[in-house]
Every structure is written in structure tokens, then in C-alpha cells.
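Below are the chains, spelled out letter by letter.
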Amino acid sequence: MNGPFGRAAWPLLLAGWALAAGVARADDQPRYPDGAATFQANCAVCHRANGAGTPGLAPPLTEYPARFAGIAEGRRQLAMTVLYGMFGDIVIGERHYNFKMPDFGRFDDATLAAALNFVVFDIGHAPAATAPLAAADIAAERVHELDGSAVREHRATVVAGLPP
Ligand code: HEC
């Protein structure tokens, strides 16, 4: 993973974030345990174990993903974000985030769908009527390859179309 920190600094940053993130509550079993495992191993380093994010680095996942999952373009947006990453300024709750979300297209469709379901339902507490993401939702976006800037541009149109 290349980034402004360079390779040598990653182990230190990982250790720091792991400490800051704490451990998930043992009494609160996730609805998507496979997704939770993928998330804790690959995503929590930036978004923290509870999805609260890291100011100045990675956004909280508590605000938008559950809302995105309620509309078709938002569901596409979630799949695009994990497949292709995202790059460019976004604003969540008055905070700016402008770092690179890595792409995870090397993971299979079911693994990515489960990780997103952990984000949407366990972290984001989406309403019960929200349909879980399926492997087919991920597969459908693999055929429209994008770069991270295009994923960010699509996000802006999705946010504008969210119900209040
Ligand atoms: C290296 C740090 C890093 C890792 C690891 C990472 N992300 Fe991200 N993620 C980001 C950043 C940074 C953004 C915002 C990108 C931007 O500003 O354009 C982001 C954005 C997102 C968003 C969009 C949120 C929104 O409001 O639109 C989702 C969803 C997401 N990440 C999920 C994940 C998942 C799931 C994983 C693991 C498979 C993961 N991230 C791993 C840094 C990371």
C-alpha cells in the first residue's frame, strides 16, 4: 500500500490505530460475521473497528453507507467504492476527507458484499427493510471499470439524490 506515509511507517500506524480503535464489544455479535472479519482485517486500519473513521484520513462509515443502501444508485456506489477505491475531496459532517481509498477488486464478489453488509447493517444500522448487498450487485459493477476520481464524482450525484 503506497501513500503519503511510505512503506516503513505502516506498521507503526497500524499499531497506533489498532490501539485507538479498541476491540469490538464481545456481547454484540455482528449480523454479518464474515463481513466483520474481512472488515477488521482490511478496513479497520483506516475506518477503525467501529467505523467511526480517522479524522483527516478516512471518513466515518456511520453516515452515508446505510443511506446509500436504500437507493439503487447508492447500492452501485457502495460496490464501486470497494471495487475501485475513491479519490478526491468529500465532506461528511463538515469535515473534509481527501485521501485515497484503496481498491479491493482482488477480493471476490461474495467477500466484498459481506464486508459492505457489515458496514451497512452492523455499523450503519440500516432500516430492516433495506435489502442486503448480494454478490451479483458487486459483479454488476465489475463490467464498468472506473478510477477513484470517477467513483467520487458518482458519489456526489448519489448524495444529491438521497431522500432527506
Ligand atoms: C488506507 C485507508 C483505507 C482503507 C484500508 C479502507 N478505506 Fe475506505 N475509505 C478511505 C478513504 C480515504 C475514503 C474516502 C476517499 C475520498 O476522500 O475520496 C474511504 C471511503 C470509503 C467509503 C465511502 C464512504 C462514503 O461516505 O461514501 C466506504 C463505503 C469505504 N471506504 C469502505 C471501506 C471498506 C469496506 C474497506 C475494506 C474492504 C475500506 N474502506 C478500506 C480509506 C480507506
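Everything in this summary refers to the structure shown in the same document.

**So, the overall build of the protein chain**
And step 1. In terms of regular secondary structure, the protein chain is built from eight helices and four strands.
And step 2. When the helices and strands of the protein chain are read in sequence order from the N terminus, they spell out α-α-α-α-α-β-β-β-β-α-α-α.
And step 3. Burial statistics for the protein chain: of 164 residues in total, 44% are counted as buried.
And step 4. Contacts in the protein chain between residues at least 24 apart in sequence constitute 65% of all its contacts with a sequence separation of at least 6.
And step 5. Just so you have it, the protein chain exposes about 8,800 Å², and 59% of that area is on carbon and sulfur atoms.

**Thoughts on the coordination of the iron atom of the ligand**
And step 1. Distances from the iron atom of the ligand to its protein donors, namely His47 (NE2) and Met101 (SD), fall within the range 2.0 to 2.1 Å.
And step 2. Around the iron atom of the ligand sit six donor atoms; with metal-centred angles ranging over 87 to 179 degrees, the donor geometry is octahedral. Taken together, the residues span a long stretch of sequence, with His47 in helix H3 (residues 44-47) and Met101 in strand E4 (residues 100-101) at a distance of 54 residues. For the pair shown, His47 and Met101 are each scored as buried.

**Quick notes on the site of the ligand**
And step 1. Taken together, 27 residues surround the ligand, and among them Cys43, Cys46, His47, Met101 and Arg155 come closest.
And step 2. For the ligand, a nitrogen atom lies 2.8 Å from a polar atom in the side chain of His47.
And step 3. Within the side chain of Arg155, one N or O atom sits 2.6 Å away from an oxygen atom of the ligand.
And step 4. Secondary-structure elements contributing two or more residues to the shell around the ligand are H3, helix H5 (72-84), strand E1 (86-87), strand E2 (90-92) and E4.
And step 5. Considering each element in turn, the shell around the ligand owes the most residues, three residues, to H3.
And step 6. Here the shell around the ligand is composed, by residue class, of 20 nonpolar, five polar and two charged.

Cut-offs and rules
- Residues numbered from 1 in each chain as written.
- Predicted model: local features only at pLDDT ≥ 70, side-chain atom pairs only at ≥ 80, totals over all residues.
- Heavy atoms only, no water.
- Helix = DSSP H or I, 4+ residues; strand = E, 2+ residues; numbered from the N terminus.
- Buried < 20%, exposed > 50% of the residue type's maximum accessible area, 1.4 Å probe, protein only.
- Contact = heavy atoms within 4.5 Å.
- Areas by Shrake-Rupley, 256 points an atom, 1.4 Å probe, with all protein chains shown as cover.
- Donors = N, O, S within 2.8 Å, 3.2 Å for Na, K, Ca; no water.
- Tetrahedral: all angles 85-135°; square planar, octahedral: opposite > 155°, others 65-115°.
- Near = heavy atom within 4 Å.
- Polar contact = N/O pair within 3.5 Å; in protein donor to acceptor, adjacent residues only side chain to side chain.
- Nonpolar A, V, L, I, M, F, W, Y, C, P; charged D, E, K, R; others polar.

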